[in-house]
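A closer look at the structure
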Amino acid sequence: MLNMIISNPQISIAGRVLEEGETEKPISGAMVEIIAMPDRFQEILSLKALQYGSQWEKMSDRPDRKITASDGYFYFVDLPQGIYTLAASIPGSRTQYGTKDFSLTEDSSKRIITAIDDIDLFPVGIQGQVIDSDSNEGIGLAKIQVDKSTEFTLSNFQGNYRLGVEISTLQKNNKVTLNVSATGYDEVSEEVNIDLTKVTEKDFSLERQAN
């Protein structure tokens with residue numbers, strides 16, 4: 001007689017992806033990925049990657065990657081205990097991002113206690129004002145551009161600007177270099193630290209070119 005043991009997957013982390021704001025609208029079709037994890041889970045992923053070969057990176061449903069349902073919900077199963085960081089984004093819209101840390105512990109029966117929390121999606125970008133260094137007045141039509149990228153915006157006539165930043169253009173430690181220029185002014189380049197939980201505030205001061 002054949003004996004079979006059926007083991008049901010245990011939900012380890014669950015939650016929803018929500019649009020940041022007062023309404024906190026659930027977002028369907030968002031990608032949720034585990035971007036930081038215990039060594040034990042990293043070893044499991046490495047073996048899975050070898051198993052699936054070139055298809056691994058293309059898979060949207062993996063032990064470390066899920067797509068939210070129509071009600072914004074997601075879950076991960078059978079994770080070992082430890083600290084995890086999850087990142088949520090919308091495929092095709094690369095200027096919204098959200099992260100959340102989860103801590104998994106075991107109960108007295110050595111079962112993982114399910115961690116439940118929501119992830120808010122925030123617009124990733126920079127806003128501020130470009131001003132004249134002498135008069136402190138806003139400079140209109142100043143160009144604010146991400147270095148080595150086609151991403152740019154122009155300031156309005158009060159010198160105010162807002163620039164969405166694609167996640168893929170961020171350097172290590174969530175930094176980006178901006179080049180700011182305007183007719184009659186010396187161009188400036190500055191590295192800016194990007195806050196992934198809100199729009200980053202950054203003003204620029206330009207000096208007039210010498211005659």
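Residues numbered from 1 in each chain as written. Predicted model: local features only at pLDDT ≥ 70, side-chain atom pairs only at ≥ 80, totals over all residues. Heavy atoms only, no water.

**Here we look at the environment of Tyr 161**
- Structurally, the position occupied by Tyr 161 is in strand E12 (residues 160-164).
- Residues Tyr 161 and Leu 141, 20 residues apart in the sequence, show an inter-C-alpha distance of 9.3 Å.
- Filtering out sequence-adjacent residues up to four positions away, Tyr 161 remains in contact with Ile 126, Gln 127, Gly 128, Gln 129, Val 130, Ile 144, Thr 153, Ser 155, Lys 202 and Phe 204.
- Of note is the side chain of Tyr 161, whose polar atom sits 2.7 Å from the backbone oxygen of Lys 202. (Helix = DSSP H or I, 4+ residues; strand = E, 2+ residues; numbered from the N terminus. Contact = heavy atoms within 4.5 Å. Polar contact = N/O pair within 3.5 Å; in protein donor to acceptor, adjacent residues only side chain to side chain.)

**Some points on the packing of aromatic side chains**
- Under the counting rule described, the total for this entry stands at four aromatic pairs.
- A centroid spacing of 5.9 Å and a plane angle of 65 degrees characterise the contact between Phe 41 and Tyr 84, whose relative ring orientation is edge-to-face. Here Phe 41, found in helix H1 (residues 39-52), pairs with Tyr 84, found in strand E5 (residues 82-90); they are 43 residues apart in sequence, far enough to count as distant. Judged on exposure class, the residue Phe 41 and its partner Tyr 84 are both buried.
- The ring of Phe 152 is capped by Lys 143, whose NZ or CZ atom sits 4.8 Å from the centre of that ring.
- Positioned over the ring face of Phe 204 is Lys 202, at 5.7 Å from the centre of the ring. (Phe/Tyr/Trp six-rings, centres within 6.5 Å; stacked < 30°, edge-to-face > 60°. Buried < 20%, exposed > 50% of the residue type's maximum accessible area, 1.4 Å probe, protein only. Lys NZ or Arg CZ within 6 Å of the ring centre and 35° of its normal.)

In short, the description is geometric, and any link to function would need to be established separately.
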